[in-house]
Amino acid sequence: MRFRHPDGSIVHLSYCTNVHPAETLDGVRAQLRDHCEPVRRRLGRDRLGIGLWLAREAARVLINDPAELRALRAELDSRGLEVVTLNGFPYEGFGADEVKYRVYRPDWTEPERLAHTTDLARLLAALLPDDVTEGTISTLPLAWRTPYATDPGAARTARAALTTLAQRLDALAELTGKSIRIGLEPEPGCTVETTADAIAPLTDVGHERIGICVDTCHLATSFEDPDTALDALTAAGIPVVKSQLSAALHAEHPHLPEVRTALAAFAEPRFLHQTRTSTAAGLRGTDDLDEAVAGGALPDSTPWRAHFHVPLHAPPAPPLTSTLPVLRATLARLVGGPVPLTRHLEVETYTWQALPAELRPRTRTQLADGIAAELTLARDLLVDLGLKELP
């Protein structure tokens, strides 16, 4: 979906296909047919943006076979779908029964991460619509905090990899005329947990094609204030490459037994749901939600937030809620001003099938309805901020 900002520029809104796990190219094509095109039809749009997730296996097939890449581009066009952004965070196995810590490997100290991200940049340059010259890719925020923190050479290795990537992106732009930018995506528990943590390493790299991806669920989980975060990034000259529109799980009164019971329903075995609380002594947290609700690991006199991407249009029932207000405030800063701070927005609720059983979509139709409802909410927020939806 495209919108015209009051300054005349185009802002793109898409939804991320990592909600439909697929490791192979055939799986990606099935996503387009069974999920993405039906969502477009529900929205009554001739064109729908998708934030494509290409696992390592699918990406390698496309890199090694130009005919397959051309065929994918043609299929996107025929189904009324367009790609301006990729989710390069998960490498493979995102549809596994247990993902947890696996999603952080390989990290930016390992050569496989640089190779895969380079592949994704080349593929995105070929998949961009003819009238679009800029693409974006989100990636993991360097590494999970361990063992990175205890390796004295890890930061140097990651910085060298990102510098090499920037040089490759420069060469790609010169060759294709397409500018691809990469955004580190701060996430709780990682080396770069917050936007503030991103400033030093991105300043060290010091390249306009390497910036940040602001995920509003992660921002909220770490209790970051959107204005403070974005002001600091702007002051440091760190570009917001893209933003993922998502909402975290919020518990105002975690000391109450009924709140603990409600939270426990969201603890599940597939993904990590890092949980945080902001205290007078600073941010406290656990790596997963079950550790928090078991008791004793976190102080419970202040609100808790969990890294669980809940549907934007359907907050959990009381006594829980979502951090949709943080998304609204962040979006207002990102695109509500005289000039947008980013032009690529991506709804990223990948946890539909990890919701408590009674909240999960049971059919493709229900899932498509839910994704369309999320995109409708995001569209309405953009229109309220003065953007004009384009055909």
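Heads up: the structure comes first, above all this text.
Conventions used here
- Residues numbered from 1 in each chain as written.
- Predicted model: local features only at pLDDT ≥ 70, side-chain atom pairs only at ≥ 80, totals over all residues.
- Heavy atoms only, no water.
- Pairing = 2+ DSSP bridges.
- Helix = DSSP H or I, 4+ residues; strand = E, 2+ residues; numbered from the N terminus.
- Axes fitted to C-alpha atoms, helices over the stretch in contact; angles between N-to-C directions.
- Contact = heavy atoms within 4.5 Å.
- Phe/Tyr/Trp six-rings, centres within 6.5 Å; stacked < 30°, edge-to-face > 60°.
- Buried < 20%, exposed > 50% of the residue type's maximum accessible area, 1.4 Å probe, protein only.
- Polar contact = N/O pair within 3.5 Å; in protein donor to acceptor, adjacent residues only side chain to side chain.

S.K.: When you look at the sheet that holds strand 10 (residues 275-279) in this model, what are you seeing that I'm missing?
M.R.: Taken in spatial order, the five strands line up as 11-10-12-9-13 in an open sheet, and their pairing is antiparallel. With one partner strand each, in any of the chains shown, strand 11 (282-286) and strand 13 (320-322) form the two edges of the open sheet. In this sheet, adjacent strand axes meet at a mean angle of 30° when their direction is disregarded. Across three bridges, the pairing between strand 10 and strand 12 (residues 304-310) is antiparallel. For threonine 275, the partnering residue across the bridge sits in strand 12 and is alanine 306.

S.K.: Is there a simple way to think about the environment of valine 83 in this case?
M.R.: Note that valine 83 resides in strand 4 (residues 81-87). Along the chain, valine 83 and proline 356 lie 273 residues apart, while their C-alpha atoms are 31 Å from each other. Ignoring anything within four residues of it in the chain, the contact list for valine 83 reads Ile50, Leu52, Leu76, Leu124, Leu127, Leu128 and Pro129.

S.K.: Looking at this model, I keep getting lost on the packing of aromatic side chains. Mind explaining?
M.R.: The way to describe two aromatic rings as a pair is by their centre distance and the angle between their planes. On inspection of all chains with the given rule, the structure shows eight aromatic pairs. Feature note: the residues Trp53, Phe94, Phe271 and Tyr350 constitute an aromatic cluster, connected by ring pairs.

S.K.: Would you mind showing me how to read the side chain of glutamate 82 here?
M.R.: One can find glutamate 82 in strand 4. By relative accessible area, glutamate 82 is classed as buried at 7%. Within the structure, the side chain of glutamate 82 is placed 2.8 Å from the side chain of arginine 2, a separation counted as a polar contact. Leave out the neighbours within four places in its chain, and glutamate 82 touches Arg2, His12, Arg47, Leu48, Gly49, Ile50 and Pro129.

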